[in-house]
Amino acid sequence: MKKHISIIGVPMDLGQSRRGVDMGPSAIRYAGVVERLEQLDYEIHDKGDIEIGRPGKDEEATLGNNLKYLKAVTKASEKLAESVDEVVAKGSFPLVFGGDHSIAIGTLAGIAKHYDNLGVIWYDAHGDLNTGDTSPSGNIHGMPLAVSLGIGHPDLTNIAGYSPKIKAENIVIIGARSLDEGEKILIREKGIRVYTMHEIDRLGMTKVMEEAIDYLKARNIDGVHLSLDLDGLDPDEAPGVGTPVLGGISYRESHLAMEILEESKLITSAEFVEVNPILDEKNKTATVAVALMGSLFGEKLL
């Protein structure tokens, strides 16, 4: 039996302030993702892109609770949750392409209902643990992890009709190097496991990933979702992102992380987000994303 992967594109750019990331799913497809995964003996079903409506004039500015484009992001998240739910129910692996990281609200809403104790690996320069009260910008792409914990505006936390989606003790953030004050407080209050660039530099990626996997296994997780933001990598490696932060994870370290995850056989769903072709160099960032997917799904040199 061939293994099944269902691709869902989410051309969302409303969760942040730099246009162009809505073209991310197309850039990833253009970089040859389907062909690469088919070579690894996967059967690929590309479901196309979720339709993202444009916001009305009343949402062109920040509305209540410091949340930009709340209605449009909520609507898109509901659509994505339904699509992901269908994929998981059919026994296929959901692979979601962004789009900005606000799409994780819908992804996790569609996935978590199928697991009793879902784990999450958040591979990102940022914590994405803000709320309308703590966000400096009001951009919802900085909030999806908090929303999935049931913290934030009820329109977002109640996507798919339930909340919370995940538990704080089942989260591992890898690659953090830009955290807002409100996020730091929430991390301490909830005891969220975070490996900053300090730990990656000091321990090495192998040790970090082994510890992360052991940490999740000890919590008896029954599935693990990987949410990989391309800005987790250093901007020299992945320039086409909206919120680059210097001093990030290297290309080779990222491949090693994906290879270790593949060997663990823990990953049950994944999303790759924040690929922005407008800010990129000859589709370099999408090409990196596809290469990392190759490692995640078992590509070997020999």
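Look up: the structure comes first, before these words.
About the criteria used
- Once a new chain begins, its residue numbering starts again from 1 and follows that chain's sequence as written.
- Owing to the predicted nature of the model, reporting of local features is limited to residues with pLDDT of at least 70; listing and counting of side-chain atom pairs is limited to 80 or more, with chain, interface and lining totals taken over all residues.
- Values shown for side chains rest on all heavy atoms present in the structure; no hydrogens or waters enter the calculation.
- Numbering of helices and strands starts at the N terminus; helices are DSSP runs of H or I of at least 4 residues and strands are runs of E of at least 2.
- Only C-alpha atoms enter the radius of gyration, while the globule expectation follows 2.2 Å times N to the 0.38, with N the number of residues.
- Burial classification: accessible surface area is computed with a 1.4 Å probe over protein chains only, and a residue below 20% of its type maximum counts as buried, one above 50% as exposed, and the rest as partly exposed.
- Areas reported as accessible are Shrake-Rupley estimates using a 1.4 Å probe. Residue values count occlusion only from the protein chains shown.
- Positive charge is attributed to Lys and Arg, negative charge to Asp and Glu, and no charge count is given to His or to the chain ends.
- Where a charge lies is defined by one atom per residue type, namely NZ (Lys), CZ (Arg), CG (Asp) and CD (Glu).
- Here the aromatic set is Phe, Tyr and Trp, taking the six-membered ring for Trp, and pairing holds for ring centres within 6.5 Å; pairs whose planes are under 30 degrees apart are stacked, those over 60 apart are edge-to-face, and all others are tilted.
- A ring is scored as having a charge over it whenever the NZ atom of a lysine or the CZ atom of an arginine sits within 6 Å of its centre and within 35 degrees of its normal.
- At least two DSSP bridges between two strands are needed for those strands to be called paired.
- To define axes, lines are fitted to C-alpha atoms, for helices over the stretch in contact only, and angles between the resulting N-to-C directions are given on a 0 to 180 degree scale.
- Residue contacts are defined here by distance: any two heavy atoms, one from each residue, within 4.5 Å place the two residues in contact.
- Crossovers are marked right-handed if the path from the first strand over the helix to the second runs clockwise, as seen with the strands pointing away from the viewer.
- Any N or O atom pair separated by 3.5 Å or less is treated as a polar contact, with the protein-specific requirement of one donor-capable and one acceptor-capable atom, and with residues adjacent in sequence counted only for side-chain atom pairs.

Caption draft 1: Inspection of the overall build of the chain at higher detail. When its secondary structure is counted, the chain shows 11 helices and eight strands. Taken over the C-alpha trace, the chain has a radius of gyration of 17 Å; the compact-globule value for 302 residues is 19 Å, and the two agree within 12%. Along the first, second and third principal axes, the C-alpha set of the chain runs to 55 × 40 × 40 Å. A burial count over the chain gives 59% of its 302 residues as buried. Surface accessibility of the chain: about 12,200 Å² in total, with carbon and sulfur atoms responsible for 49%. One finds the centroid of the 31 positive side-chain charges in the chain at a distance of 1 Å from the centroid of its 47 negative side-chain charges.

Caption draft 2: Representation of the packing of aromatic side chains in the model. Under the counting rule described, the total for this entry stands at two aromatic pairs. Relative to F297, the ring of F93 has its centre 5.1 Å away and its plane inclined at 75 degrees; by these criteria the two rings are edge-to-face. You can see F93 sitting in strand β3 (residues 93–98) and its partner F297 sitting in the segment after α11 (284–296), a full 204 residues away along the chain. Note on accessibility: F93 and F297 belong to one class, buried. An aromatic cluster is built from Y42, F93 and F297, whose rings are joined through pairwise contacts. The ring of Y162 carries the charged tip of K165 above its face, separated from the ring centre by 4.8 Å.

Caption draft 3: Focus on the pairing of strand β5 (residues 171–176). Burial within β5 is extensive, with six of its six residues counted as buried. Pairing analysis gives four bridges linking strand β4 (residues 118–123) to β5, with the strands arranged parallel. If you follow V120 over to β5, its bridge partner there is I171. In the sheet, β5 pairs with strand β6 (residues 193–196) via four bridges, with the strands oriented parallel. Within β6, the position partnered with V172 by the bridge is R193.

Caption draft 4: A look at the sheet that holds β6. Here eight strands make up an open sheet; going across it, the order is β2-β1-β3-β8-β7-β4-β5-β6 and the pairing parallel. Each edge of the open sheet is held by one strand with a lone partner, namely β2 (42–49) and β6. When strand polarity is set aside, the average angle formed by the axes of neighbouring strands in this sheet is 15 degrees. Along the sheet, helix α9 (residues 205–217) contacts β4, β5, β6 and β7 (223–229); its crossing angle with β5, the most-contacted strand, is approximately 165 degrees. Helix-sheet contacts for α11 involve β3, β7 and β8 (267–273), and the interaxial angle to β8 is about 175 degrees.

Caption draft 5: Examining the pairing of β8 more closely. Taking burial as the measure, the seven residues of β8 include six buried ones, the bulk of the element. In terms of strand pairing, β3 meets β8 through three bridges, oriented parallel. Counted as the bridge partner of L95 is A270 from β8. Bridging between β7 and β8 involves six bridges; their strand directions are parallel. If you follow S227 over to β8, its bridge partner there is E271. Between the parallel pair β7 and β8, the chain is carried across by helix α10 (residues 251–264), and the sense of this crossover is right-handed.

Caption draft 6: The arrangement of the environment of S6 in detail. Here S6 is to be found in strand β1 (residues 3–10). Sequence spacing of S6 and V34 is 28 residues, and the spatial spacing of their C-alpha atoms is 10 Å. Setting aside anything within four residues of it in sequence, one finds S6 in contact with H45, K47, V87, S92, F93, P94 and L95. Here S92 takes part through its side chain, which lies 2.8 Å from a polar atom of the side chain of S6.

Caption draft 7: Examining unusual backbone geometry more closely. Each neighbour pair has its own omega, and for G98 with G99 the value is 20 degrees, a cis peptide bond. For the bond running from S163 to P164, omega is -5 degrees, close enough to zero to count as cis. Along the chain, the position of P164 falls in the loop between α6 (154–157) and β5. The phi torsion at D128 lies on the positive side, around 55 degrees, for a residue other than glycine. By secondary structure assignment, the location of D128 is in the loop between β4 and α5 (144–148). Even without being glycine, K265 reaches a positive phi, approximately 60 degrees.

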